[in-house]
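Coordinate analysis (summary)
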Amino acid sequence: MDENTRWMKLALEQARLAEEAGEVPVGAVVVKDGEVIGCGFNRTILDSDPTAHAEITALRQAADVLKKYRLPDCDLYVTLEPCAMCLGAAVQARIRRLIYGAADPKSGAAETVFRLPMEKLNHKIEIRSGIMASECGNILKVFFQRRR
């Protein structure tokens, strides 16, 4: 199993935790030097916090572990393409690479709806998409089918 698949499987485990909590099943992990230093899942309902997306939670944990607000040697793995808020946070954290699974045709800010990293920002993030896209998309599809 390659590294991207390994870390995306951990992000999917986080997404399952979100689903169990009644949250939209999105998960994220931050990896530095082959170790997970941050993980998170959507917690907006649990925390009554509109910013408690999986990526934000994982970035906060990683920053706390490193005791730094900049994470330049870190990679962010997310099951769903980040929204503008989460991608902006990744840029502010100076994340090296963003690797995501499923595209988000409604609010994806990396490549689908917006191409935020391509704008004139102070930091460019390397982006890789489609890692375990089917699995990452399916958990969301099933979740929303059950809610309807």
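Residues numbered from 1 in each chain as written. Predicted model: local features only at pLDDT ≥ 70, side-chain atom pairs only at ≥ 80, totals over all residues. Heavy atoms only, no water.

The next thing to look at is the packing of helix α1 (residues 3–20) against helix α5 (residues 133–147). Orientation of α1 relative to α5, taken along the N-to-C sense of each, is 10°, at an axis distance of 10 Å. When the interaxial angle is binned, α1 and α5 end up roughly parallel. Mapping the contact onto sequence places M8, L12, A15, R16 and E19 in α1 and E135, C136, I139, F143 and R146 in α5. Residues belonging to the contact of α1 with α5 are distributed by class as follows: 6 nonpolar, no polar and 4 charged. (Axes fitted to C-alpha atoms, helices over the stretch in contact; angles between N-to-C directions. Helix = DSSP H or I, 4+ residues; strand = E, 2+ residues; numbered from the N terminus. Parallel < 35°, antiparallel > 145°, perpendicular 65-115°, else oblique. Contact = heavy atoms within 4.5 Å. Nonpolar A, V, L, I, M, F, W, Y, C, P; charged D, E, K, R; others polar.)

Our focus in this paragraph is the packing of aromatic side chains. As enumerated under the stated definition, the model contains 1 aromatic pair in all. Relative to F144, the ring of F143 lies with its centre 5.1 Å away and its plane at 80°, an arrangement referred to as edge-to-face. By relative accessible area, which is 7% here, F143 ends up buried. (Phe/Tyr/Trp six-rings, centres within 6.5 Å; stacked < 30°, edge-to-face > 60°. Buried < 20%, exposed > 50% of the residue type's maximum accessible area, 1.4 Å probe, protein only.)

Structurally, the position occupied by G88 is in helix α4 (residues 84–92). The class of G88 is partly exposed, set by a relative accessible area of 21%. Residues G88 and L121, spaced 33 residues apart in sequence, show a C-alpha to C-alpha distance of 9.6 Å.

Where charged atoms of side chains with opposite charge meet at close range, the side chains can pair. This model, assessed by the stated rule, comprises 10 salt bridges. Taking the shortest distance from any N to any O, the salt bridge between E3 and R6 comes out at 3.6 Å. Here E3 and its partner R6 are both found in helix α1, 3 residues apart, which amounts to about one turn of the helix. Measuring nitrogen to oxygen at the nearest pair gives 3.1 Å for the salt bridge that ties D75 to R97. Within this pair, whereas D75 is found in strand β3 (residues 74–80), its partner R97 is found in strand β4 (residues 97–102), the two being separated by 22 residues in sequence. Using a relative accessible area of 7% as the deciding quantity, one classes D75 as buried. Overlapping salt bridges bring together D75, R96, R97 and E126 as one network. (Salt bridge = Lys/Arg side-chain N within 4 Å of Asp/Glu carboxyl O.)

We now examine α1. For α1, built from 18 residues, the straight-helix expectation of 26 Å at 1.5 Å per residue is met to within 8% by its first-to-last C-alpha distance of 26 Å. For α1, the complete set of buried residues consists of N4, W7, M8, A11, L12, Q14, A15 and A18. The buried residues of α1 all sit within an arc of 160° when viewed along its axis, so they share a single face. Close packing links the buried residues of α1 with β1 (27–32), β2 (35–41), β3, β4, β5 (126–129) and α5. Following α1 by one or two positions, G22 adopts a phi angle in the positive range, close to 85°. (Expected span 1.5 Å × (residues − 1). Arc of directions from axis to C-beta.)

Below, the discussion takes up the pairing of β1. Judged by how many residues are buried, β1 sits mostly within the fold: 5 of 6 residues are covered. Pairing between β1 and β2: 6 bridges, direction antiparallel. Bridge pairing links V29 to C39 in β2. In this structure, the hairpin formed by β1 and β2 is closed by a connection of 2 residues, where D33 is found at a positive phi of approximately 50°. Taken together, the 5 bridges between β1 and β3 define a ladder with antiparallel strand orientation. Bridging from a neighbouring strand, V30 pairs with L76 of β3. (Pairing = 2+ DSSP bridges.)

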